Amino acid sequence: MIPKQIGLFFGSFNPVHVGHMIIANYMATQTPLDEVWMVVSPQNPLKPKATLARDYDRLHLVQLAIGDNPRLRASDIEFGLPKPSYTIDTLAYLREKHPHAAFVLIMGSDNLDTLPRWKHYELLLRDYRIFAYKRPNHSGGDLAGHPNVRIFEAPLMFLSATYIRKCLRQGKSVQYLVPDAVFEYLQQTSLYR
Ligand code: ATP
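Quick caveat: nothing in here was measured; it's all calculated off a predicted structure. (Residues numbered from 1 in each chain as written. Predicted model: local features only at pLDDT ≥ 70, side-chain atom pairs only at ≥ 80, totals over all residues. Heavy atoms only, no water.)

Participant: What should I look at first to understand the site of the ligand in this one?
Facilitator: Neighbouring the ligand are 19 residues, the closest being Phe13, Tyr133, Met157, Ala161 and Thr162. In this structure, Met157 approaches the ligand through a main-chain N or O atom, which is 2.8 Å from a nitrogen atom. Compared with its free state, where it exposes 600 Å², the ligand has 82% of that area covered by protein. Elements with a minimum of two residues in the shell around the ligand: strand 1 (4-11), helix 1 (18-30), helix 4 (109-114) and helix 6 (161-169). (Near = heavy atom within 4 Å. Polar contact = N/O pair within 3.5 Å; in protein donor to acceptor, adjacent residues only side chain to side chain. Areas by Shrake-Rupley, 256 points an atom, 1.4 Å probe, with all protein chains shown as cover. Helix = DSSP H or I, 4+ residues; strand = E, 2+ residues; numbered from the N terminus.)

Structure representation (structure tokens):
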């Protein structure tokens, strides 16, 4: 049996925006990946952040963004793992839980630059593949040439969740910057205001 290739796209998604969705959809449809799971990072109890919406609110927004797309999935896997969560531990847990899947890490080339500071990064690079997408001014450094790293040129949006939160705080429209269902939900709640 050929294992299902599942890409893991980690983020706070605070909130999820079209920049995230473009990457998730690109990876799920234009690379050998079968699916992409958007893994919502939980609040770190050691580093509470006033601007971070509650874990299940952020998860709900990602679910709304995905809708019925069969290639994308919202994952709350890290909510139940010891915090702070380290990617290498989350990957080990997922491998055990889904022995017939092959997990691939998705990250921007900016994260490749800083990967050597991650917990057990040598193991991570030895045991998992990384699909990176190019971000401006970040070549990915030496790791861009690693045999387990592949670099893709995905369409990029110059957009951040910080900007979306700022708009919402100031009562400005975020229509088209977030998926329609997320926009509608945000209009009906006081999240980020
Ligand atoms: P914030 O502004 O709150 O820091 P963010 O928009 O960078 O948030 P994250 O939840 O940190 O969002 O992003 C999840 C992942 O998506 C990270 O790896 C991040 O580098 C990447 N990412 C964020 N925005 C974009 C974008 N516009 N295009 C491509 N990748 C992005």
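Participant: Would you take a moment to explain the pairing of strand 1 for this structure?
Facilitator: Along any regular strand, the residues point their side chains to alternate faces of the sheet. Counted residue by residue, strand 1 has six buried out of eight residues, so it is predominantly covered. Relative to strand 4 (residues 101-108), strand 1 runs parallel, the two being bridged by six bridges. Its bridge partner being in strand 4, Gly7 is matched across the sheet by Val104. (Buried < 20%, exposed > 50% of the residue type's maximum accessible area, 1.4 Å probe, protein only. Pairing = 2+ DSSP bridges.)

Participant: I keep staring at the pattern of salt bridges and nothing clicks. Help me out?
Facilitator: All told, the structure shown has seven salt bridges when counted by the stated rule. Across the salt bridge formed by Asp57 and Arg54, the nearest N and O atoms sit 3.2 Å from each other. Residue Asp110 pairs with Arg135 through a salt bridge whose shortest N-O separation is 3.3 Å. Linking Asp110 in helix 4 with Arg135 in the loop between strand 5 (129-133) and strand 6 (149-152), this pair joins segments that are 25 residues apart in sequence. (Salt bridge = Lys/Arg side-chain N within 4 Å of Asp/Glu carboxyl O.)

Participant: Sorry if this is basic, but what is going on with the packing of aromatic side chains here?
Facilitator: Working definition: an aromatic ring pair is given by the centre-to-centre distance plus the angle between the planes. Applying the stated rule across the entire model yields five aromatic pairs. Relative to Phe13, the ring of Phe9 has its centre 5.7 Å away and its plane inclined at 70°; by these criteria the two rings are edge-to-face. Comparing Phe9 with Phe13 shows no difference in burial state: the two are buried. When the ring of Phe131 is compared with that of Phe152, the centres are 5.0 Å apart and the planes differ by 55°; the resulting orientation is tilted. Taken together, the residues Phe131 in strand 5 and Phe152 in strand 6 connect sequence positions 21 residues apart. A residue is classified by how much of its surface remains accessible, and Phe152, at 8% relative accessible area, is buried. An aromatic cluster is defined as three or more aromatic residues linked by ring pairs; in this entry it consists of Tyr26, Phe131 and Phe152. (Phe/Tyr/Trp six-rings, centres within 6.5 Å; stacked < 30°, edge-to-face > 60°.)

Participant: Please explain unusual backbone geometry as it appears in this structure.
Facilitator: Negative phi characterises most residues that are not glycine, and trans characterises most peptide bonds. Here the bond from Asn14 into Pro15 is cis, since omega is 0°, no more than 30 degrees from zero. Within the secondary structure layout, Pro15 lies in the loop between strand 1 and helix 1. A cis amide bond links Lys83 to the next residue, Pro84, at an omega of 0°. Within the fold, Pro84 resides in the loop between strand 3 (72-75) and helix 3 (87-97). For Asn137, which is not a glycine, the phi torsion comes out positive at approximately 65°. Along the chain, the position of Asn137 falls in the loop between strand 5 and strand 6. Among the residues examined, Asn137 registers a relative accessible area of 80% and is labelled exposed.

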